Amino acid sequence: MATKAKRDLTVEEQLARGPLDLPFLMLVVLLTGIGVIMVFSASYASAYYEENNPAAYFIRQAIFAVMGLAVMYCISKINYQTFRWLGVFVLILAVVLMLLVLVPHIGVKRNGAQRWIRSFGPIPQFQPSEIAKLGVILYFSARLSKRSNQKAPKRDVRTLSGRLCNFADHIGLTELLPYIGVLLAIVALLSREPHMSATILILGVGAALLFAAGVNMGWFICGGVSAAAALGFIMLNTHYMTNRLQMWQHPESDPRGKGYQALQSLYAIGSGGLLGLGFGQSRQKFMFLPEEHNDFIFSVICEELGYVGAGLILLLFALLVLRGYWLALHARDRFGALLIVGITTLLAFQVFLNIGVVTNLFPVTGISLPFFSYGGSALMIQLAEMGVVLSVSRQIPAPRAN
């Protein structure tokens, strides 16, 4: 019986089947595994109290971790050039979902902020801002990777509008307008929730991608000053943010009210000392520290594993970030490099801000610790982003033998 001849693989297919970057993959798997274990330790008191099953949160997080790792592997098998056209659609989806957050009976309000979409059936409750972060990275990377190939259109210098447009082209303003428009639209929606931490993350990631693409440094100075002024104005003139700033400076002024969470977090960190109380031995997780298995899980880590254990986890994050930037430097093309820069910078910013919040370096705000904080949808999106990085790593040219 005649057998059908196998089709020869195209060059693109051959490149997409290259080896994964094992150091990056192992760091992601290790952090995810440690994170799931720490969710079990941090959550079993709350899970027993709320669901009469001390392993309830752990089981759900473990299931999402396995699903997320499977999604990460599947995405790593996709040729990352496919992601070029997805940015616009992901941004549109994020904007629609952020609008739905503001709709009664769809958006969920907690602690004075309305950032979540209510769960429907098996779909967990999630924050559309997580999708917005990925959308910004995909959209910016796709456009910025082509910036050197774009030629400025010819203007009629005999008209005022033509001369103004030429001047805008000369200083690079015309090129920046699409990116500024996207950031302003997302920031405007986030301000309605309000969600200051997501605003800072998205602005930071957008700036990092523009910097990596070679945009003139002068725009970063102008943009940084403008963003700082706008954020300062919002913080000082928004009742929600003003209260948080006051509690950040003096949490002891309201130890049983708005300063309670920050103080309990510091108690947990201080109780751990150098070597910690031991795995599972945290005292603050017994209904003293709010969000102990979510945004403030690092406080429990410090209490149980001590400064040494917490330092080792931060070292793993640092190695992951450094490996990500190494992959960006060796990526096959600018698009791949920008994708990794965006995802790695987002990870680094989020870890830094979360640690800053739990140690009271920054005001208390809702920001999770990647791979550790409880939340299935956030974990799956984070692992999907790691899959994009691994997809790019498959096409990194092998070093030539001497």
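The preceding data block contains the structure.
Residues numbered from 1 in each chain as written. Predicted model: local features only at pLDDT ≥ 70, side-chain atom pairs only at ≥ 80, totals over all residues. Heavy atoms only, no water.

A. Representation of the overall build of the protein chain. Each helix and strand counted, the protein chain has 14 helices and 2 strands in total. Burial statistics for the protein chain: of 402 residues in total, 48% are counted as buried. Put simply, the protein chain shows about 20300 Å² of open surface, and 68% of that area lies on carbon and sulfur atoms. (Helix = DSSP H or I, 4+ residues; strand = E, 2+ residues; numbered from the N terminus. Buried < 20%, exposed > 50% of the residue type's maximum accessible area, 1.4 Å probe, protein only. Areas by Shrake-Rupley, 256 points an atom, 1.4 Å probe, with all protein chains shown as cover.)

B. Summary view of the pairing of strand E2 (residues 113–117). Burial runs high along E2: 5 of the 5 residues are buried. Relative to E2, strand E1 (residues 107–110) runs antiparallel, the two sharing 4 bridges. Within E2, the residue paired with Val108 across the bridge is Trp116. (Pairing = 2+ DSSP bridges.)

C. Representation of helix H3 (residues 56–76) within the structure. Spanning 21 residues, H3 covers 30 Å between terminal C-alpha atoms, matching the ideal 30 Å at 1.5 Å per step. Looking only at H3, the buried set comprises Ala56, Tyr57, Gln61, Phe64, Ala65, Gly68, Met72, Ile75 and Ser76. Down the axis, H3 shows its buried residues gathered within 150° of arc, on one side only. Opposite the buried face of H3, at more than 90 degrees from it, the exposed residues are Val66 and Cys74. Those residues of H3 hidden inside the fold are in contact with helix H2 (22–51) and helix H14 (376–393). (Expected span 1.5 Å × (residues − 1). Arc of directions from axis to C-beta. Contact = heavy atoms within 4.5 Å.)

D. Geometry of the environment of Leu390. For Leu390, the position within the fold is in helix H14. Sequence separation of Leu390 and Pro19 is 371 residues, and the distance between their C-alpha atoms is 9.1 Å. Here Leu390 is in contact with Leu20, Asp21, Phe24, Leu25, Met72 and Ser76, once residues within four sequence places are set aside.

E. Structural view of the nonpolar core. Membership of the largest hydrophobic core comes to 95 residues, with the highest contact counts inside it found for Phe140, Ile186, Phe317, Leu339, Phe371 and Phe372. The biggest single contributor to this core is helix H13 (residues 334–358), with 14 residues. Residues contacting Phe371, with those up to four places away along its chain left out, are Val28, Leu31, Thr32, Gly35, Val36, Phe317, Leu320, Leu347, Leu379, Gln382, Leu383 and Met386. (Core = buried A, V, L, I, M, F, W, Y, C linked by side-chain atoms within 4.5 Å.)

F. Region of interest: unusual backbone geometry. Residues other than glycine seldom take positive phi values, yet Asn52 does so here, at roughly 60°. Exposure remark for Asn52: the relative accessible area of 59% places this residue in the exposed category. Although it is not a glycine, Phe371 adopts a positive phi angle of roughly 70°.

G. View of the packing of aromatic side chains. Inspection of every chain in the model, using the stated rule, returns 11 aromatic pairs. For the pair Phe40 and Tyr44, a centre-to-centre distance of 6.1 Å together with 35° between the ring planes defines the contact as tilted. Of the two residues, Phe40 and Tyr44 are both situated in helix H2; the distance of 4 residues between them amounts to about one turn of the helix. Judged by relative accessible area, Phe40 falls into the partly exposed class, the value being 32%. (Phe/Tyr/Trp six-rings, centres within 6.5 Å; stacked < 30°, edge-to-face > 60°.)

H. A look at helix H11 (residues 260–272). Here H11 spans 19 Å end to end across 13 residues, near enough to the 18 Å set by a 1.5 Å rise per residue. Of all the residues in H11, the buried ones are Gln261, Ala262, Leu263, Gln264, Ser265, Ala268, Ile269 and Gly272. For H11, the secondary structure elements touched by its buried residues are helix H12 (297–329) and H13. After H11 finishes, the residue Gly273 shows a positive phi value of roughly 65°.

I. Quick look at the pattern of salt bridges. Counted according to the given criterion, the structure contains 5 salt bridges. Put simply, Asp21 and Arg323 hold a salt bridge, and the shortest N to O gap is 2.6 Å. With Asp21 in the loop between helix H1 (11–16) and H2 and Arg323 in helix H12, the pair connects residues that are 302 residues apart, well separated along the chain. For Arg323, a relative accessible area of 22% puts it in the partly exposed group. Residues Lys285 and Glu304 are paired through a salt bridge, measuring 2.9 Å at the closest nitrogen-oxygen approach. Of this pair, Lys285 sits in the loop between H11 and H12 while Glu304 is found in helix H12, placing the two residues 19 residues apart along the sequence. (Salt bridge = Lys/Arg side-chain N within 4 Å of Asp/Glu carboxyl O.)

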